[in-house]
Amino acid sequence: MKQYVLVHGGCHGAWCWYKVKPVLEASGHRVTVVDLTASGVNMSRVEEIQSLEDYTKPLLKVLESFGSDDKAILVAHSLGGPSVGLAADMFPSKISVAVFVTSFMPDITNPPSYTFEKCLESFTEEESSNMEFGTYGTHERPLTSVFLGTKFLAKYMYQLSPVEDFELAKMLVRVGPAITSNLTGTKSLTEEGYGSVARVYVTCGEDKSLTKEFQRWIIENFPVKEVMEIKDADHMPMFSKPLELCDCLFKIANKYA
């Protein structure tokens, strides 16, 4: 029996794992799904998030609650990557492997915001126009919020997912923090913490949000132990290819946990 901890992407919540959780549990594994701060049913507001640690606090509490011998397979989707990186940096002994599913995986030389900010730079005007950015924080330290518009969800994230899951997302997505260096600070995660944890990357072949080329660049930026691919998945493999994603997670558990 293995312990999985599943971390959602930006503007989403623990709800997005509803197809994956029962499949993993049916094989006898324990599964914890986390709502990051101001996400899903977490009652905080985005304005309360002043740092990456603030955003990640619910995940850190889960790992704090584990016994000294408990080890988790920590799974990050999309913008959950920096939070999983921070958690691995703070609790490396409690993580058997960190899995990044078409995710903004941080490295140990740049700020944890680096891959997300690079992606924003590469977005076309059309892509950016379907994301709603806001500001909060102070004049000296402005922070950025982001909301994924319906067109962005439809065209770049859910284009191969069942229409019911797209409807669910339209009802449940919330404003979330953009993971910029103003939020994360400029210090990188550490080699002895996050850098010591085994990492696997799962690419999604039909992702139009984090393109295949961009996923490859993220992996080249900070090479991993293994790369797996879900060929026909969009940005939301937990909806478009849930069984294939579970198959990857079973294989990772057998090999690394």
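In this text, all values refer to a predicted model and were calculated from it rather than measured experimentally.

Caption draft 1: Here's a closer look at helix α9 (residues 212-221). Among all positions in α9, only F214, Q215, I218 and I219 are buried. For α9, the arc enclosing every buried residue in end-on projection is 145°, short of the 170-degree limit, so these residues lie on one face. Exposed side chains of α9 directed beyond 90 degrees from the buried face belong to E213 and E220. Check the buried side of α9 and you find it contacts α4 (114-122), β8 (199-204) and β9 (226-230).

Caption draft 2: Summary view of the pairing of β8. Of all six residues in β8, six are buried, a share of seventy percent or more. When β8 meets β9, the two strands line up parallel, connected through five bridges. Counted as the bridge partner of C204 is I230 from β9. What joins β8 to β9 is α9, and the crossover it makes is right-handed.

Caption draft 3: Layout of the packing of helix α2 (residues 52-64) against helix α3 (residues 81-90). Running from amino to carboxyl end, α2 crosses α3 at an angle of 55°, the nearest separation of the two axes being 9 Å. Relative to α3, the element α2 lies oblique. As α2 packs across α3, the resulting crossing turns out to be right-handed. Taking contact as the criterion, the partners of L52, E53, Y55, T56, L59, L60 and L63 in α2 are, on α3, P82, S83, V84, L86, A87 and M90. Each residue belonging to the contact of α2 with α3 can be placed in one class, and the counts come to 10 nonpolar, two polar and one charged.

So, how was this worked out
Residues numbered from 1 in each chain as written. Predicted model: local features only at pLDDT ≥ 70, side-chain atom pairs only at ≥ 80, totals over all residues. Heavy atoms only, no water. Buried < 20%, exposed > 50% of the residue type's maximum accessible area, 1.4 Å probe, protein only. Helix = DSSP H or I, 4+ residues; strand = E, 2+ residues; numbered from the N terminus. Arc of directions from axis to C-beta. Contact = heavy atoms within 4.5 Å. Pairing = 2+ DSSP bridges. Right-handed = clockwise from strand over helix to strand, strands pointing away. Axes fitted to C-alpha atoms, helices over the stretch in contact; angles between N-to-C directions. Parallel < 35°, antiparallel > 145°, perpendicular 65-115°, else oblique. Left-handed = near helix turned anticlockwise from the far one by under 90°. Nonpolar A, V, L, I, M, F, W, Y, C, P; charged D, E, K, R; others polar.

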